Amino acid sequence: MNNVFDAEGLDHGVIIVGAGVSGIYQLYRLREAGIDATVIEAGSGPGGTWYWNRYPGARFDSESYSYGYSFSDELLQEWSWSEHFAGQPETQKYLNYVVDKFDLRRDMQFNCRVSAARFDEAECRWIVCLEDGRELTCRILLTAIGMLSAATMPRIEGVQDFEGEAFHTYYWPREPVDLAGKRVAVIGTGATGVQVISEIADKVKSLTVYQRRPNWCAPLHNSPIDDVTQAKIKASFEQIFAKCRSTPGGFLHGPDPRSFNEVSPRDRQALWEELYASPGFGVWIGNFREVLMQEGPNAEYSTFIADKIRKRVKDPETAEKLIPQDHGFGTRRVPLETRYYEAYNRDNVELVDVTETPIERITSGGIRTSEGERLFDLIVYATGFDAITGAFDRIDITGVGGRKLRDKWDDGPVTYLGLQVSEFPNLMILAGPQGGSVSTNFPRGIEEAVDWLTDLIIHMRDTGSDRVEPQPDAEHMWAEHVKDAYRYSLFQTARSWFTGYNSNVPGRDRMRYLIYNGGSPRYRKWLADVADDGYRGFDITG
Ligand code: NAP
């Protein structure tokens, strides 16, 4: 049988776009299966999110040892994380280490950005166009372009006029930025802004934070990993990954098994105190299930957290501004922080609530609100991303009959299992909309998706099939299932990237069903059932 991935007219069997956490592992698996693949990466090195986001304070809020790859025992034993929640430089170093250990760099092309890709029906292949003018052909186009990789600047007049330094956090320069003695503004208080603010508050002359809507934040409680703990971690990876497999988010934290109402108010408080004092995401997802599903329990917990904020911020007026009013705790992504609220107790830090005094424009010297102009040396835009679909929109992807992915998804994305889209045969998606990995501890979810897609590609090779495409009915079913899962969580009550909102992108300030909220165990079962049932819902032909 001819190898459908090694045919005439193909530069590569598979082209993987992106050398981040997903692209690295996908290349490893395809290499292992003997399938020719190459990675195209816009950055000058591997790492994806951890390559780009070099802003001060960038770090995990998954436990480091629950975030690393699980596929190689040797790697697990060789690599020692220095902190429970590692910083960006260490994570970038780790991903480079993985790439070198498994000799993956030789199949990675850096400093190349994909501008377009079109499906060539006659030859059943993708033609991938790079910004440098090259065109490469492949049987399978596999996007590993990240869910938070299309950074968005605010739509504020004058952004180009500022004459000082200014960066979006995603594009923080590689060269060290001298902060000492500078007057700095940060716009945005999501997970990124919160990390930057906490990190730089004591390093700059003055820090002015422009906040639109506050988020509910809680302490990370990071610490170094000592030798004894390191040894224990290395001896218990089996249990660590088993635990991650058992929880809805793929984290070491899962919901409390008790129901909210069966526990007395006193015991609830005791649990909440314990969660607030514990490292990591327990404070968000280690709670009673009802807290993220029902208004009453959510309001009670939100009050508990609001009181914590009031205790940590000295000025009562500032404290009230930092307490969210428009959404309950955990209905948007909870930023984990290290002395974030205490930053506002410093004399050199000031909070500007832009709902009270809106930003009118960026000037050549700083920022002008309805209250007047302030001058800055550096403006940091921590203004987020055109999440999940934004990175796809930047590539002109054309499927069967000239169909554009951008147009197909304009009203909201549709996929089958978050992995494929009808009318776009042989396009495989990692970390795109409606997939299981997006709402989980990322590497845990992504390893499963990569393994599953690799098995599908091997199946195609072994059966001599050169084309795979989901059936429209299957896609419709999945879109409804994804939508339905939102009904059970309070996520749908809040405007955030979880629900597809971005005020800085025309047409995106509205609800879209981007994320699979059914939990990892259920998603894993879907994948297994579909494969066991002969890849139910996919047309595999050739
Ligand atoms: P984000 O959560 O979308 O936050 C963007 C912030 O910018 C929000 O506070 C937003 O205000 C504000 N903003 C946007 N446009 C604005 C405008 N025109 N005027 C004023 N304010 C504006 O983005 P992010 O903080 O970069 O985080 C995105 C995601 O990245 C996180 O949710 C998380 O999943 C991931 N992340 C992870 C880590 C980690 O692993 N530790 C760290 C950082 C980020 P509104 O809320 O009012 O829209």
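Refer to the structure presented above.
Values in this document were obtained by computation on a predicted structure and should not be read as measured data.

Novice: Looking at this structure, I do not really get the environment of Thr192. What am I missing?
Specialist: Considering the arrangement of structural elements, one finds Thr192 in helix α6 (residues 191-200). The spatial distance from the C-alpha of Thr192 to the C-alpha of Asp256 is 28 Å, given a sequence separation of 64 residues. The contacts of Thr192, once residues within four sequence positions are left out, are Tyr55, Thr169 and Ala382.

Novice: Looking at this structure, how should I read the site of the ligand?
Specialist: Near the ligand lie 23 residues; those nearest to it are Arg59, Thr192, Arg212, Trp497 and Asn504. With respect to the ligand, the backbone of Ala191 contributes an N or O atom lying 3.1 Å from an oxygen atom. One nitrogen or oxygen atom from the side chain of Arg332 is found 3.2 Å from an oxygen atom belonging to the ligand.

Novice: Where do I start with the side chain of Lys182 in this structure?
Specialist: Looking at the secondary structure, you find Lys182 in the loop between β7 (165-168) and β8 (183-187). In terms of polar contacts, Lys182 uses its side chain to reach the backbone carbonyl oxygen of Asp178, at 2.6 Å. Setting aside residues no more than four positions away along its own chain, Lys182 makes contact with Glu165, Val204, Lys205, Ser206 and Asp377.

Novice: I tried to follow the pattern of salt bridges on my own but got confused; where do I start?
Specialist: Side-chain pairs of opposite charge can arise whenever the charged atoms involved come near each other. As enumerated under the stated definition, the model contains 42 salt bridges in all. Arg59 is the salt-bridge partner of Glu83, the closest N and O atoms lying 3.1 Å from each other. With a gap of 24 residues between them, Glu83 in the loop between α4 (73-78) and α5 (88-101) and Arg59 in the loop between α2 (49-52) and α3 (64-67) connect regions that are remote in the sequence. By relative accessible area, Glu83 is classed as partly exposed at 22%. Residue class for Arg59 comes out partly exposed when judged on its relative accessible area of 23%. Of the charged contacts in the structure, one is a salt bridge between Lys408 and Glu475, with a shortest N-O distance of 3.1 Å. Here Glu475 lies in helix α17 (residues 472-486) and Lys408 lies in helix α15 (residues 405-408), a separation of 67 residues in the sequence. A relative accessible area of 12% means that Lys408 is categorised as buried. Overall, the relative accessible area of 5% leaves Glu475 in the buried class. Within the structure, one salt-bridge network assembled from shared partners comprises Arg403, Lys408, Glu423 and Glu475.

Novice: Sorry, what's going on with the side chain of Thr208 here?
Specialist: If you trace the backbone, Thr208 turns up in strand β9 (residues 206-211). Discounting residues that sit within four places of it in the chain, Thr208 has contacts with Val184, Ala185, Val186, Glu350, Val352, Arg374 and Phe376.

Novice: What am I meant to see in the sheet that holds strand β15 (residues 372-375) here?
Specialist: Sheets are built from strands paired through backbone hydrogen bonds, the pairs being either parallel or antiparallel. Reading across from one edge, β13-β14-β15 is the order of the three strands in this open sheet, with antiparallel pairing throughout. The sheet terminates laterally at β13 (359-362) and β15, the two strands that pair on one side only. Going from strand to strand, the sheet's axes swing by 20 degrees on average, the running direction of each strand aside.

Novice: I would appreciate a short explanation of empty space enclosed by the protein in the present structure.
Specialist: The rolling of a water-molecule-sized probe over the atoms marks out the regions of remaining empty space. The final tally for this structure, using the stated rule, is three cavities of 30 Å³ or more. One number sums up the size of the largest cavity: a volume of about 60 Å³. Along its surface, the largest cavity is lined by Tyr65, Gly68, Tyr69, Leu75, Leu76, Trp79, Trp81, Tyr94 and Phe237.

Novice: Mind showing me how you'd approach the layout of surface pockets here?
Specialist: In this structure, the second largest pocket encloses a volume near 310 Å³. Those elements giving two or more residues to the lining of the second largest pocket turn out to be α6, β11 (336-337) and α13 (340-343). Its residues assigned to classes, the lining of the second largest pocket comprises five nonpolar, five polar and eight charged.

About the criteria used
Residues numbered from 1 in each chain as written. Predicted model: local features only at pLDDT ≥ 70, side-chain atom pairs only at ≥ 80, totals over all residues. Heavy atoms only, no water. Helix = DSSP H or I, 4+ residues; strand = E, 2+ residues; numbered from the N terminus. Contact = heavy atoms within 4.5 Å. Near = heavy atom within 4 Å. Polar contact = N/O pair within 3.5 Å; in protein donor to acceptor, adjacent residues only side chain to side chain. Salt bridge = Lys/Arg side-chain N within 4 Å of Asp/Glu carboxyl O. Buried < 20%, exposed > 50% of the residue type's maximum accessible area, 1.4 Å probe, protein only. Pairing = 2+ DSSP bridges. Axes fitted to C-alpha atoms, helices over the stretch in contact; angles between N-to-C directions. 1 Å grid on protein atoms, 1.4 Å probe; cavity = no way out; pocket = protein on both sides within 12 Å on 5 of 7 lines; lining within 4 Å. Points joined across faces, edges and corners; volume = space filled by probe spheres on them. Nonpolar A, V, L, I, M, F, W, Y, C, P; charged D, E, K, R; others polar.

Just distances and angles here, no functional claims.
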